[in-house]
Amino acid sequence: MSGGSLAFQQYQKLQVNRARQLEQMRGRLTELGDDYGLQQLDTMMADFGATGPTSPDDPIGAFLTELVQQTKDALADLGTSRAALAGVWAVALKRDAFSARMTRFTDGSGLVAVSDATFSLCQLYAQAMGLAGQLGSEPQVLAGLLRYYNTQQRVFGIAGKLEIRLEPTATQAAGLFHYLAAQFVVAHELAHYVLGHASSVSAFAPDEYLPVCAENHQLEAEADLHALRVVRRACEHLSDDLPPGGEEAALGAVGAAIGMLAVHVTEQALFVRRGTSHPPARQRAAALLREMNSEERRFAEESFGLALAATEAACSTGASAVSFSAGMIGSAPIHTPLAPSYLRTIEVFDELQCRSPEWYLNLLDQAGRELGEPWLTDGAQLAAEGDSAAALRIWGVPKKNIGALCDPQQPLTFYALLMKLQTAFIAREIPGDRLRAYAIAAAMLVSEFLSGDTGQA
């Protein structure tokens, strides 16, 4: 497939200006006074520059290019035509509301798009597993790191995460797991392409405008298993960097599990309503484990059991959830340039998302009475009764937005819902010191019904 394919044309259009992104990162770190972060960034870019890259300001693009090529090599080893694979391109995007997707074009070419946030989440998991090897199993640490990330995404719409400082040996292990996890995500999308699945099928694109389709589960299982075989094959090519003992398949399964869990976080924690339905991460991981022999399975289960439990704890909201607290991190070597007061802010906003519907109803009712704004109370009562469209209308959300918010065929992130409510509350002159708290309460109250609401404005 020539460079003039439809996939290549789209690939060129979607390229991110990484030099500008790098400049913005430096500016932000300088503003925060984060000398350590600046040092780490300079070291990373210097190491990257020493490799002689064709695009010296784009380590993400270089990482993805290498990843895709090694994945294609593994697919070719497994019998896929190299000529067919030549028509597939891959691009990394600065979008946080999706994980990855494959698009097949009418000329037969294909484009894999992966969000920067997906790579970032894979790295977070990999670092946590490296930390587990360094300090021992502490699932609450990973749960805390993930809840911090989820709250940043849900409340502020940014992919902010706490950095883990690892010892050299743990850093090497984390780097390997990160690579394998990212490779599984890419391999899963390429598997859809080589297996002939339609572009509409993607377990890693919850923001697609698609109806729920039960038969997708079988296709996702096929792509998962094929991707696992690809990662296992790729591990054989990386054997010089792997621990001795013939554990390539087990390491590949751990990488696969991390990739799936990173996607699970996106789907379960960030979205009120997703465009497509997929098997739970635990079910998908179990299917991959069944492909392994007993020794491989033991190694893999020990490695990612920690991550699976922490993920499920981190994705929950409501009265039964345990909210983020700085105590979850304990003595783990975590770095952040932000003041302790900011961690407290995250604690407060996550705690607000771990309440019962009755608590939100009472909060908004009390607020309505104290402020002399009965519409707050009326909207809360309608939301609690399941009339989402009427609640949003009374709260002041414009009619043109309510239809999209209540459309079951359109995906909806919690952050998008929160911003619509916050904008409406600003227009109603809710005091600034209470604005976000009341908007979060309203979003939590209405989101349960919006996840399957068919009401219209």
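Residues numbered from 1 in each chain as written. Predicted model: local features only at pLDDT ≥ 70, side-chain atom pairs only at ≥ 80, totals over all residues. Heavy atoms only, no water.

> Quick one: what's the story with the overall build of the protein, residue by residue and with numbers?
Looking only at helices and strands, one finds 19 helices and seven strands in the protein. Considering the protein as a whole, with its 457 residues, one finds that 50% of them fall into the buried category. In the protein, the share of contacts with a sequence separation of at least 24, taken over all contacts with a separation of at least 6, comes to 73%. Counting only carbon and sulfur atoms, one obtains 51% of the accessible surface of the protein, whose full area is about 19400 Å². (Helix = DSSP H or I, 4+ residues; strand = E, 2+ residues; numbered from the N terminus. Buried < 20%, exposed > 50% of the residue type's maximum accessible area, 1.4 Å probe, protein only. Contact = heavy atoms within 4.5 Å. Areas by Shrake-Rupley, 256 points an atom, 1.4 Å probe, with all protein chains shown as cover.)

> Would you mind going over the pairing of strand 1 (residues 88-93) in detail, with residue names and values included?
Within strand 1, five of the six residues are buried, which leaves it mostly tucked inside the rest of the structure. The pairing of strand 1 with strand 3 (residues 110-115) spans six bridges and is classified as parallel. Within strand 3, the residue paired with Ala92 across the bridge is Val114. (Pairing = 2+ DSSP bridges.)

> Go over the confidence of the model for the protein with me, naming the residues and quoting the values.
Averaged over every residue, the pLDDT of the protein is 82; the share at 70 or more is 81%. For residues 209-215, every residue scores under 50 in pLDDT, and the model assigns this stretch 11 contacts once sequence neighbours within four places are set aside. Overall, residues 453-457 carries pLDDT values under 50, and its contacts beyond four positions in sequence, including any with other chains, amount to 18 contacts. (pLDDT = per-residue confidence, 0-100.)

> Pulling in residues and values, what's your account of the packing of helix 7 (residues 139-156) against helix 18 (residues 414-427)?
Direction vectors running N to C along helix 7 and helix 18 enclose 40°, while the axes themselves pass 7 Å from each other. Classified by the angle between their axes, helix 7 and helix 18 sit oblique to one another. Listed contacts from helix 18 to Gln153, Arg154, Val155 and Phe156 of helix 7 are Phe414, Tyr415, Leu418 and Met419. The residue makeup of the contact of helix 7 with helix 18, split by class, is six nonpolar, one polar and one charged. (Axes fitted to C-alpha atoms, helices over the stretch in contact; angles between N-to-C directions. Parallel < 35°, antiparallel > 145°, perpendicular 65-115°, else oblique. Nonpolar A, V, L, I, M, F, W, Y, C, P; charged D, E, K, R; others polar.)

> Which residues make up the sheet that holds strand 1, and what are the values?
Pairing is mixed across the open sheet formed by three strands, whose spatial order is 1-3-2. Each edge of the open sheet is held by one strand with a lone partner, namely strand 1 and strand 2 (100-104). In this sheet, adjacent strand axes meet at a mean angle of 20° when their direction is disregarded. Helix 8 (residues 168-194) rests against strand 1, strand 2 and strand 3 of the sheet, and its axis sits at about 25° to strand 2.

> Could you give me a rundown of helix 9 (residues 216-237), with the residues and numbers involved?
Its 22 residues place the ends of helix 9 32 Å apart at the C-alpha level, agreeing with the 32 Å of an ideal helix rising 1.5 Å per residue. Listed as buried for helix 9 are Asn216, Glu220, Ala223, Asp224, His226, Ala227, Leu228, Val230, Val231, Ala234 and Cys235. (Expected span 1.5 Å × (residues − 1).)

> Can you tell me about helix 11 (residues 281-289), naming the residues and giving the values?
Of the residues making up helix 11, those classed as buried are Ala281, Arg284, Ala285, Leu288 and Leu289. Projection of helix 11 onto a plane perpendicular to its axis shows the buried side chains occupying an angular sector of 145°, all on one side. (Arc of directions from axis to C-beta.)

> Give a detailed account of the nonpolar core, specifying residues and quantitative values.
Judged by nonpolar contacts, the single largest core of 86 residues is most densely connected at Tyr125 and Leu146. At 14 residues, helix 8 tops the list of elements feeding residues into this core. For Leu146, the residues in contact, after removing those within four places along its chain, are Leu121, Leu124, Tyr125, Val265, Ala310, Thr311 and Ala314. Among the nonpolar cores identified, the runner-up in size contains 38 residues, and Leu376, Leu405, Phe414 and Ala424 belong to it. (Core = buried A, V, L, I, M, F, W, Y, C linked by side-chain atoms within 4.5 Å.)

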